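# Architecture and fold: a report
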Amino acid sequence: MAKWIKLSNRGCDNLLLLVVVLLVVSSHGVLSLQDKKCDSDYCLGCESSVPCVDATRLAKDVRKLPDEGELSGPSLDQPHRIAFLFISGGPVPFETLWRRFFALQNKNRYSLYVYVGSSDYTFPSDSLFFNSEVRSHSAPGNVGLAFRWTLAVALLDQNRRNTWFVNVCGASVPLRSFNQTYDYLTSSRHSFVQSFSPIRGFRFWDTQPQFDQSEIRKGEIWMALRRKHATIIVKDRETFIKFASNAREPEHVFEDEYLQTLLNLRDPSGITNRTVMFADYSNTGVLPRVFHTGDSYNMQQFLHEMVTMTVDTTYGLQHLIAVDNRPVPCELNGNPGVVCFLFGRVFHENSLPMLIGLQIPNI
Ligand SMILES: *[C@@H]1O[C@H](CO)[C@@H](O)[C@H](O)[C@H]1NC(C)=O
Ligand SMILES: *[C@@H]1O[C@H](CO)[C@@H](O)[C@H](O)[C@H]1NC(C)=O
């Protein structure tokens, strides 16, 4: 019998685990994070030495976002801008590769945000990530909440009119050039969200009246979202409260289920049901493989397969926990034959010199 497994975080949330969870659902039913020290507006890269996010203000501004995710003001003919959200909890281990990825790119085509939790970590002034820290003094302790928080900051960022939002694991690397990544994402009519029906019955969870048990979906938290879907996520209260209040681990894993179920409820045909973030579950079937420098396999060969794959055979743990576990041909706007992955994980920090040598990302 398959165990109920947490898919998402191996190697990605080490630092987040250190952070204390102070999530409360306030009397208004809105996500709020107790935050005594910080009473200024949310800000990012602002003058203050410690940019900080005020939860009450953030929640209020989020409610004003238009539902369909339109940008206010002149947006016609504006090029897409992709927000890369690094949920690392601190330094980004593969900064060298990301620096190569973003080198010489037009800064109007991307934005960077690094969720550093409640730590006072600051990137040095020569870092790619200088001034892109997103903090919350009493920080969400799981990747799902940290992502949602950072997403809200990126959506509300008036200086950078972001249209796409990519959740990047700290232990992941870019596989393709910026232009290839940019064109792939921004040409898609769908958001890239892995979502499948899990086999497990939820006998002890009364999901009514909010939704039917058959609507529950599972998948990886590493997703790439259009503005419309990012807006659905940060504005949602009903489904969030349902999950936060009475879906309990270990049967449920918040970051593997909440957003996947929410988007399935609100716009099932708007998501691809597959992720663009490669992970290899073939070895253990339980946790994704961690790529180390010292491993015996041929890294070059492996990267080649990862980069050229056009049928998603990984599909999370689907052979164990999904109702339908067939390999899926990767499509873009309904056209098959496209490569599946733009990013890969889980890489151990010691693989950096090797990845640099192998010209990853493939530029
Ligand atoms: C990437 O795309 C931009 C905009 O289309 C173009 O100006 C630039 O030359 C491209 N860069 C590379 C390395 O192809
Ligand atoms: C994703 O799966 C849902 C069912 O869970 C389906 O309704 C939807 O059409 C699928 N999306 C695409 C793009 O095929």
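- Its UniProt record gives the chain the following Subcellular location (unreviewed entry) comment, quoted word for word: "Membrane".

## Quick notes on the site of ligand 2
- Looking at ligand 2, the residues that line it are R217, N264, P268, I271 and N273.
- Within the backbone of I271, a nitrogen or oxygen atom sits 3.0 Å from a nitrogen atom of ligand 2.
- For ligand 2, the accessible surface in isolation is 360 Å², of which the surrounding protein chains cover 55%.
- In the shell around ligand 2, the residues fall into 2 nonpolar, 2 polar and 1 charged.

## Points about the packing of aromatic side chains
- Going through the model one piece at a time under the given rule, you end up with 30 aromatic pairs.
- Aromatic pair W205 and F211: ring centres 5.8 Å apart, planes at 70°, arrangement edge-to-face. For the residue pair W205 and F211, the accessibility class agrees, reading buried in each case.
- Note on F278 and F341: the rings are 5.2 Å apart at their centroids and 85° apart in plane angle, and the pair reads as edge-to-face. Placement of F278 in strand 11 (residues 277-278) and of F341 in the loop between strand 15 (335-336) and strand 16 (343-344) is noted, with a sequence separation of 63 residues between them. Neither residue differs from the other here; F278 and F341 are each classed as buried.
- Here a set of aromatic residues connected by ring pairs shows up, and it is made of F84, F86, W98, F101, F102, Y110, Y121, F123, F129, F178, Y182 and F343.
- The positively charged end of R148 is found above the aromatic ring belonging to F240, 4.4 Å away from the centroid.

## Overview of the pairing of strand 8 (residues 191-194)
- Neither face of strand 8 is exposed, since S191 and V193 on one face and F192 and Q194 on the opposite face are all buried.
- Both strand 8 and strand 10 (residues 271-273) contribute to a ladder of 2 bridges, which runs parallel. Note on strand 10: the bridge partner recorded for Q194 is N273.

## Concerning the packing of helix 3 (residues 143-156) against helix 5 (residues 227-235)
- Contact pair helix 3 / helix 5: the axes reach a minimum separation of 10 Å and the direction vectors enclose 125°. What the angle tells us is that helix 3 and helix 5 run oblique. Relative to helix 5, helix 3 is oriented so that their crossing is left-handed. Contact residues: helix 3 offers R148, L151, A152 and L155, while helix 5 offers R227, A230, T231, I233 and V234.
- Grouping the amino acids of the contact of helix 3 with helix 5 by side-chain chemistry returns 6 nonpolar, 1 polar and 2 charged.

## Here's the deal with the pairing of strand 3 (residues 82-87)
- Burial of strand 3 is extensive: 6 of the 6 residues sit out of reach of the surface.
- Because side chains alternate across strand 3, one face comprises the buried residues I82, F84 and F86, and the other comprises A83, L85 and I87, equally buried.
- Alignment of strand 3 against strand 4 (residues 110-117), held across 5 bridges, turns out to be parallel. Following the sheet pairing, F86 is matched in strand 4 by V114.

## Brief notes about the sheet that holds strand 7 (residues 173-174)
- The strand order across the open sheet built from 3 strands is 7-16-11, with neighbouring strands paired in mixed fashion. Edge positions in the open sheet fall to strand 7 and strand 11, since each of these has one partner strand only.

## A closer look at the confidence of the model for the chain
- Of the residues in the chain, 77% have a pLDDT of 70 or more, and the chain-wide mean is 79.
- The low-confidence segment residues 1-10 (pLDDT under 50) makes 49 contacts with residues lying over four places distant or belonging to another chain.
- Contacts for the low-pLDDT stretch residues 13-51, under 50 throughout, to residues beyond four places or in other chains number 86 contacts.

## Some remarks on the nonpolar core
- In terms of nonpolar packing, the biggest core is built from 95 residues, with F84, W98 and L225 touching the most fellow members.
- In terms of residue count, the dominant contributor to this core is helix 3 (11 residues).
- Apart from residues no more than four positions distant in its own chain, F84 is found in contact with F101, F102, Y110, S111, L112, Y113, V166, V168, F178 and F343.

## Things to note about the state of the cysteines
- Scanning all chains against the criterion turns up 1 disulfide.
- Covalently, C330 is tied to C340 through a disulfide, its sulfur atoms 2.1 Å apart. Taking the sign of the S-S torsion, 100° for the link of C330 and C340, the bridge is right-handed. Within this pair, whereas C330 is found in the loop between strand 13 (328-329) and strand 14 (331-332), its partner C340 is found in the loop between strand 15 and strand 16, the two being separated by 10 residues in sequence.

## Some points on helix 1 (residues 55-64)
- Buried within helix 1 are the following residues: A55, L58, A59, D61 and V62. End-on, the buried residues of helix 1 take up no more than an arc of 170°, which puts them together on one face. Among the exposed residues of helix 1, those pointing more than 90 degrees away from its buried face are T56 and K64.

## Description of the environment of T186
- Relative to the assigned elements, T186 resides in helix 4 (residues 178-186).
- On the accessibility criterion, T186 (17% relative accessible area) is buried.
- Each C-alpha atom, one on T186 and one on H80, is 6.7 Å from the other, the two residues being 106 residues apart in sequence.
- The contact partners of T186, leaving out residues within four places of it in the chain, are H80, I82 and W164.
- A polar atom in the side chain of T186 sits 2.7 Å from the backbone oxygen of Y182.

Thresholds, definitions, all that
Residues numbered from 1 in each chain as written. Chains lettered and ligands numbered in written order. Predicted model: local features only at pLDDT ≥ 70, side-chain atom pairs only at ≥ 80, totals over all residues. Heavy atoms only, no water. UniProt positions renumbered as here; feature names shortened; annotations may be inferred. Near = heavy atom within 4 Å. Polar contact = N/O pair within 3.5 Å; in protein donor to acceptor, adjacent residues only side chain to side chain. Areas by Shrake-Rupley, 256 points an atom, 1.4 Å probe, with all protein chains shown as cover. Nonpolar A, V, L, I, M, F, W, Y, C, P; charged D, E, K, R; others polar. Phe/Tyr/Trp six-rings, centres within 6.5 Å; stacked < 30°, edge-to-face > 60°. Buried < 20%, exposed > 50% of the residue type's maximum accessible area, 1.4 Å probe, protein only. Helix = DSSP H or I, 4+ residues; strand = E, 2+ residues; numbered from the N terminus. Lys NZ or Arg CZ within 6 Å of the ring centre and 35° of its normal. Pairing = 2+ DSSP bridges. Axes fitted to C-alpha atoms, helices over the stretch in contact; angles between N-to-C directions. Parallel < 35°, antiparallel > 145°, perpendicular 65-115°, else oblique. Left-handed = near helix turned anticlockwise from the far one by under 90°. Contact = heavy atoms within 4.5 Å. pLDDT = per-residue confidence, 0-100. Core = buried A, V, L, I, M, F, W, Y, C linked by side-chain atoms within 4.5 Å. Disulfide = S-S within 2.5 Å. Arc of directions from axis to C-beta.

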